Amino acid sequence: MPELTNKRPEFRNINAFKDLTTYRLPAAGWVSILHRISGLLMFLLLPLIVWLFDTSVSSEISHDVFVGAFEGGIGFVPGWFLKLVVLALIWAYLHHFIAGVRHLWMDATHAVTKSFGKSSAVVTLVLSIGLTVVLGAKLFGLY
């Protein structure tokens, strides 16, 4: 009978301003959230991607417009800002692709353990950021 008199734990809703700032996501949680953000970013910037592709391959004149957009900008948008947007697209594609391969690997091999989830999430983050830095250096003309 004494077990019934013990107070049961009380669960409440979290406070977005107090609790979320102190909550620490594991690496797999970050990869999951960034996978969704990268997919949304690529979807929202799809018209820019189509324009970039069309302008780069249509003709020599349009290719010169393409190169000039990155050097001098387009209208009121400076060239460095366009390069930053393209760098964000590069990261979004790389992260989305690598995280997708990670999910396919886990589905195909049934490797769903905490240790594999953590290690593959760290590999996904390191690869996507590392490749983005390398391609970003090429985009900004560092090599």
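Residues numbered from 1 in each chain as written. Predicted model: local features only at pLDDT ≥ 70, side-chain atom pairs only at ≥ 80, totals over all residues. Heavy atoms only, no water.

> For this particular structure, what's the right way to read the overall build of the protein chain?
Scanning the protein chain from terminus to terminus reveals 6 helices and 0 strands. For the protein chain, the succession of helices and strands along the chain, N to C, is α-α-α-α-α-α. Compactness check: the protein chain gives a C-alpha radius of gyration of 22 Å against a globular reference of 15 Å for 143 residues, more than 25% above the reference. For the protein chain, the spread of C-alpha atoms along the principal axes amounts to about 85 × 40 × 25 Å. Across the 143 residues that make up the protein chain, the buried fraction comes to 25%. Here the contacts in the protein chain between residues at least 6 apart in sequence split such that 67% fall between residues at least 24 apart. Of the roughly 10900 Å² of accessible surface on the protein chain, a fraction of 71% belongs to carbon and sulfur atoms. When the 11 positive and 8 negative side-chain charges of the protein chain are each reduced to one mean point, those points stand 17 Å apart. (Helix = DSSP H or I, 4+ residues; strand = E, 2+ residues; numbered from the N terminus. Rg over C-alpha atoms; globule rule 2.2 N^0.38 Å. Buried < 20%, exposed > 50% of the residue type's maximum accessible area, 1.4 Å probe, protein only. Contact = heavy atoms within 4.5 Å. Areas by Shrake-Rupley, 256 points an atom, 1.4 Å probe, with all protein chains shown as cover. Lys, Arg positive; Asp, Glu negative; His and termini not counted. Charge placed at Lys NZ, Arg CZ, Asp CG, Glu CD.)

> Which parts of the structure should I look at to understand the environment of G141?
Mapped onto the elements, G141 comes out in the segment after α6 (114-139). Relative accessible area serves as the criterion here: at 53%, G141 is assigned to the exposed category. Spatially, the C-alpha atoms of G141 and S56 are 18 Å apart, while their sequence positions differ by 85 residues.

> Before we go on, may I ask you to explain the packing of helix α4 (residues 60-72) against helix α5 (residues 79-109) in this structure?
Helix packing for two helices is described by the angle between their axes and how far apart those axes are. It is the contact of α4 with α5, at a shortest axis distance of 5 Å, that shows an interaxial angle of 105°. Relative to α5, the element α4 is oriented roughly perpendicular. Residues A69, F70 and G72 of α4 touch α5, and the partners they reach there are G79, L82, K83 and V86. Split by residue class, the contact of α4 with α5 holds 4 nonpolar, 2 polar and 1 charged. (Axes fitted to C-alpha atoms, helices over the stretch in contact; angles between N-to-C directions. Parallel < 35°, antiparallel > 145°, perpendicular 65-115°, else oblique. Nonpolar A, V, L, I, M, F, W, Y, C, P; charged D, E, K, R; others polar.)

> Help me understand the nonpolar core, please; the structure alone is not making it clear to me.
One broad trend across soluble globular proteins is that nonpolar side chains are buried collectively. In this structure, L52, F66, A69, F70, L82, V86, I90 and L94 together form the largest nonpolar core, which totals 8 residues. Going through the elements one at a time, α4 and α5 are the ones with two or more residues in this core. Considering each element in turn, this core owes the most residues, 4 residues, to α5. Non-local contacts of F66, meaning those with residues more than four positions away in its chain, are made with L52, T55 and S56. A27, V31, A99 and A121 belong to the second-largest nonpolar core, a separate cluster that totals 5 residues. (Core = buried A, V, L, I, M, F, W, Y, C linked by side-chain atoms within 4.5 Å.)

> Looking at this model, I keep getting lost on the packing of aromatic side chains. Mind explaining?
Describing an aromatic ring pair means giving the distance of the ring centres and the angle of the ring planes. Inspection of the entire model under this criterion finds 3 aromatic pairs. When the ring of W80 is compared with that of F81, the centres are 6.0 Å apart and the planes differ by 90°; the resulting orientation is edge-to-face. For W80, a relative accessible area of 53% corresponds to the exposed category. Using a relative accessible area of 40% as the deciding quantity, one classes F81 as partly exposed. (Phe/Tyr/Trp six-rings, centres within 6.5 Å; stacked < 30°, edge-to-face > 60°.)

> For this particular structure, what's the right way to read the side chain of S62?
Note on placement: S62 falls in helix α4. For S62, the side chain forms a polar contact with the main-chain oxygen of T55, separated by 2.9 Å. Among residues more than four places away in sequence, those in contact with S62 are D54 and T55. (Polar contact = N/O pair within 3.5 Å; in protein donor to acceptor, adjacent residues only side chain to side chain.)

> Mind showing me how you'd approach the packing of helix α2 (residues 27-44) against α6 here?
Contact geometry for α2 and α6: axes closest at 8 Å, N-to-C directions at 50°. The orientation of α2 relative to α6 falls into the category oblique. When you trace α2 past α6, the crossing you get is left-handed. Contacts between α2 and α6 involve A27, A28, V31 and L34 from the former and G117, K118, A121, V122, T124 and L125 from the latter. (Left-handed = near helix turned anticlockwise from the far one by under 90°.)

> How do you make sense of α5 when you look at a structure like this?
Every α-helix winds through 3.6 residues per turn, so residues three or four apart in the chain are directed the same way. End to end, α5 covers 45 Å across 31 residues, agreeing with the expected 45 Å (1.5 Å per residue, within 8%). In the segment just after α5, H110 is the residue with positive phi, at about 55°. (Expected span 1.5 Å × (residues − 1).)

> Which parts of the structure should I look at to understand the confidence of the model for the protein chain?
Interpretation of the predicted coordinates at a detailed level should be avoided for regions scoring low in pLDDT. Considering every residue of the protein chain, the mean pLDDT works out to 90; 96% of them sit at 70 or more. Between the elements of the protein chain, mean pLDDT differs from a low of 62, seen in helix α1 (residues 2-5), to a high of 96, seen in α2. (pLDDT = per-residue confidence, 0-100.)

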